[in-house]
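# Analysis of the macromolecular model
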Amino acid sequence: RRWNAVIDRFGTAPPDVYSTDFSWEKTLRAIQKRADSALETAARGDAKAARKQIMPIRRVLSALRKRNGVTAYSDTVDAANAAFKKLYKFRYTPPDFDVVEQVDQLRQITAITAYWYEQCLDNAPKALAQDPEFKRLMEDSLYSLSRIWVAIANKAAPNLISILRGLSSSNRMLFLRFG
């Protein structure tokens, strides 16, 4: 119900950065409709369906910010999660280490994922950057990502799989706890 207060305050008078967005109010109302529906579904006890209804809100807000040139920390977390999603595919289909193209693809995706994790660490809001749990998660994740290079050098598919399996829970934690 708090979203109604956002619409009441900003629906027809958006903050300056969103003032030229012709879809501003429509976007706010679409979020309100989805949130209200998810709340009703959750109240009926169907948490899984409620989560499914509410998940697109993050993408809607991200698109709103993007089309208005605004970046939030959650966008950086989303980019890290998206990069890891591509990397995680190698957990089930490791490259043939004798095929240069496959190894190069793994290297490229590993570098992109590490970049976005570094961005999450470097651009975290001050309070988050000082959170010991956050720092530990990011440092451990970056260390694990660095171990992928060793797995590549040693052509060790089992090591790669193990590293990615371990990183998967860290990636979820980044999204759920800090994104």
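Residues numbered from 1 in each chain as written. Predicted model: local features only at pLDDT ≥ 70, side-chain atom pairs only at ≥ 80, totals over all residues. Heavy atoms only, no water.

Position of Thr-110 among the secondary structure elements: in helix 6 (residues 100-122). Judged by relative accessible area, Thr-110 falls into the buried class, the value being 0%. Among all residues touching Thr-110, those that are not within four sequence positions of it are Leu-87, Leu-145, Ile-148 and Trp-149. (Helix = DSSP H or I, 4+ residues; strand = E, 2+ residues; numbered from the N terminus. Buried < 20%, exposed > 50% of the residue type's maximum accessible area, 1.4 Å probe, protein only. Contact = heavy atoms within 4.5 Å.)

Here the largest pocket defines a volume of roughly 380 Å³. Forming the walls of the largest pocket are Arg-51, Asp-78, Asn-81, Ala-82, Phe-84, Lys-85, Tyr-88, Ser-168, Asn-171, Arg-172, Phe-175 and Leu-176. Breaking the lining of the largest pocket down by element, the ones donating at least two residues are helix 5 (73-92) and helix 9 (157-178). Considering every element that reaches the lining of the largest pocket, the biggest residue donor is helix 5, with six residues. (1 Å grid on protein atoms, 1.4 Å probe; cavity = no way out; pocket = protein on both sides within 12 Å on 5 of 7 lines; lining within 4 Å. Points joined across faces, edges and corners; volume = space filled by probe spheres on them.)

This paragraph deals with the packing of aromatic side chains. Taken as a whole, this structure holds five aromatic pairs when the rule is applied. Between Tyr-18 and Trp-24, the ring centres sit 4.8 Å apart and the planes meet at 25°, which makes this aromatic pair stacked. The two residues Tyr-18 and Trp-24 agree in class, both being buried. Their ring planes at 80° and their centres at 5.1 Å tell us that Tyr-115 and Trp-116 sit as a pair that is edge-to-face. Look at Trp-116 and you get partly exposed, because its relative accessible area is 27%. An aromatic cluster of three or more residues is present, and its members are Phe-84, Tyr-88 and Tyr-92. (Phe/Tyr/Trp six-rings, centres within 6.5 Å; stacked < 30°, edge-to-face > 60°.)

What follows deals with the packing of helix 5 against helix 6. Direction vectors running N to C along helix 5 and helix 6 enclose 155°, while the axes themselves pass 8 Å from each other. Considering their axes alone, helix 5 and helix 6 lie roughly antiparallel with respect to each other. Regarding helix 5 and helix 6, the two cross each other, and that crossing is left-handed. Contacts between helix 5 and helix 6 involve Tyr-73, Thr-76, Val-77, Ala-79, Ala-80, Ala-83, Phe-84, Lys-86, Leu-87 and Phe-90 from the first element and Gln-102, Gln-105, Leu-106, Ile-109, Thr-110, Ile-112, Thr-113, Trp-116, Tyr-117, Gln-119, Cys-120 and Leu-121 from the second. Counted by class, the contact of helix 5 with helix 6 contains 15 nonpolar, six polar and one charged residues. (Axes fitted to C-alpha atoms, helices over the stretch in contact; angles between N-to-C directions. Parallel < 35°, antiparallel > 145°, perpendicular 65-115°, else oblique. Left-handed = near helix turned anticlockwise from the far one by under 90°. Nonpolar A, V, L, I, M, F, W, Y, C, P; charged D, E, K, R; others polar.)

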